[in-house]
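Single-letter residue listing:
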Amino acid sequence: MRNRIWFELCQAKHNQRYCILLLAYRRRLLNLFTILILTFSGAGVMGWALWKEFPLIACIIISIIQLLRLLQPHLIPTEKQVDKLDSVVDFYFDYCNELEKIWMDYERDKCNDDEAQNSFYTLKASEKQINKSVSELIKMTNKKILIKAEQETREYLKNNFN
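No experiment lies behind these values; they were computed from the predicted model shown.

So, how was this worked out
- Residues numbered from 1 in each chain as written.
- Predicted model: local features only at pLDDT ≥ 70, side-chain atom pairs only at ≥ 80, totals over all residues.
- Heavy atoms only, no water.
- Helix = DSSP H or I, 4+ residues; strand = E, 2+ residues; numbered from the N terminus.
- Buried < 20%, exposed > 50% of the residue type's maximum accessible area, 1.4 Å probe, protein only.
- Contact = heavy atoms within 4.5 Å.
- Areas by Shrake-Rupley, 256 points an atom, 1.4 Å probe, with all protein chains shown as cover.
- Core = buried A, V, L, I, M, F, W, Y, C linked by side-chain atoms within 4.5 Å.
- Phe/Tyr/Trp six-rings, centres within 6.5 Å; stacked < 30°, edge-to-face > 60°.
- Lys NZ or Arg CZ within 6 Å of the ring centre and 35° of its normal.
- Expected span 1.5 Å × (residues − 1).
- Bend = angle between axes of the 7 residues up to and from the residue.
- Polar contact = N/O pair within 3.5 Å; in protein donor to acceptor, adjacent residues only side chain to side chain.

A. Broad picture of the overall build of the protein chain. Within the protein chain one finds five helices and zero strands. Traced from its N-terminal end to its C-terminal end, the protein chain shows the element sequence α-α-α-α-α. Once the C-alpha set of the protein chain is aligned to its principal axes, its extents read approximately 80 × 30 × 20 Å. Taking all 162 residues of the protein chain together, 35% fall into the buried category. Excluding contacts between residues fewer than 6 apart, the proportion of contacts in the protein chain whose partners are at least 24 apart in sequence is 85%. For the protein chain, the accessible surface area stands at approximately 10700 Å², while carbon and sulfur atoms represent 57% of it.

B. Inspection of unusual backbone geometry at higher detail. Despite not being glycine, Asp-109 shows a phi value in the positive range, around 60°. Its place among the elements puts Asp-109 in the loop between α3 (79–107) and α4 (113–137). Since its relative accessible area comes to 68%, Asp-109 is described here as exposed.

C. Region of the structure containing the nonpolar core. Cys-19, Leu-85, Val-88, Tyr-92, Tyr-95 and Leu-99 are the most contacted members of the largest nonpolar core, which has 42 residues in total. For this core, the secondary structure elements donating two or more residues are α1 (2–39), α2 (55–75), α3, α4 and α5 (143–161). Not counting residues within four places of it along the chain, the set of residues in contact with Cys-19 comprises Leu-85, Val-88, Val-89, Tyr-92 and Ile-138.

D. Representation of the packing of aromatic side chains. As enumerated under the stated definition, the model contains seven aromatic pairs in all. When the centroid spacing of 5.3 Å and the interplanar angle of 75° are considered together, the rings of Phe-91 and Tyr-92 count as edge-to-face. When the ring of Tyr-156 is compared with that of Phe-161, the centres are 6.5 Å apart and the planes differ by 70°; the resulting orientation is edge-to-face. By relative accessible area, which is 26% here, Tyr-156 ends up partly exposed. Through successive ring pairs, a cluster of aromatic residues spans Trp-6, Trp-103, Tyr-156 and Phe-161. Sitting above the plane of the Tyr-156 ring, Lys-13 keeps its charged end 4.0 Å from the centroid.

E. Molecular detail of α4. Relative to the 36 Å expected for 25 residues at 1.5 Å per residue, α4 spans 36 Å between its end C-alpha atoms, a close match to the ideal helical length. Its maximal kink placed at Ile-130, α4 deviates by approximately 40°. Contact partners of the buried residues in α4: α1 and α3. For α4, the N-terminal capping position is held by Asn-112, with its side-chain oxygen 3.1 Å away from the main-chain nitrogen of Asp-114.

F. Fine view of the side chain of His-14. Take His-14: it is sitting in helix α1. A relative accessible area of 14% means that His-14 is categorised as buried.

G. Spatial organisation of the environment of Gln-16. For Gln-16, the location among the structural elements is in helix α1. Between the C-alpha atom of Gln-16 and that of Cys-96, which follows or precedes it by 80 residues, the distance is 7.9 Å.

See below:
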């Protein structure tokens, strides 16, 4: 049981770090997209008198902006998806804390194998609800974020448990 709790703690911490980094990345992407759209909206750059001289280019830019707005849910995350990912991060924060508590209790002999196993599988059952959200939100793994999450997880575990 000891190894099972430890490996689950490592995986949960990794999931938490990955989701935190992914959330920050997606928020930046959404903010940049919003800034781009606002910059080229009617009150922004497209409102300049310069475009009277180049109506074809202005039409092309407006068309591209409108197309990007239509494709936004397929290209970048929506605000709703970012909020949902934020709730996944919150879940993994609580989940990791509970796993750490089980781990510490088990390591200090505050609970026996049966108590640790019951606590573990009760907590593990709570993960079922969030797995649907995770599979809906994370279609592909971002390799750069994955590598950074692995490094941060190793560092956290090394600093707190070694």
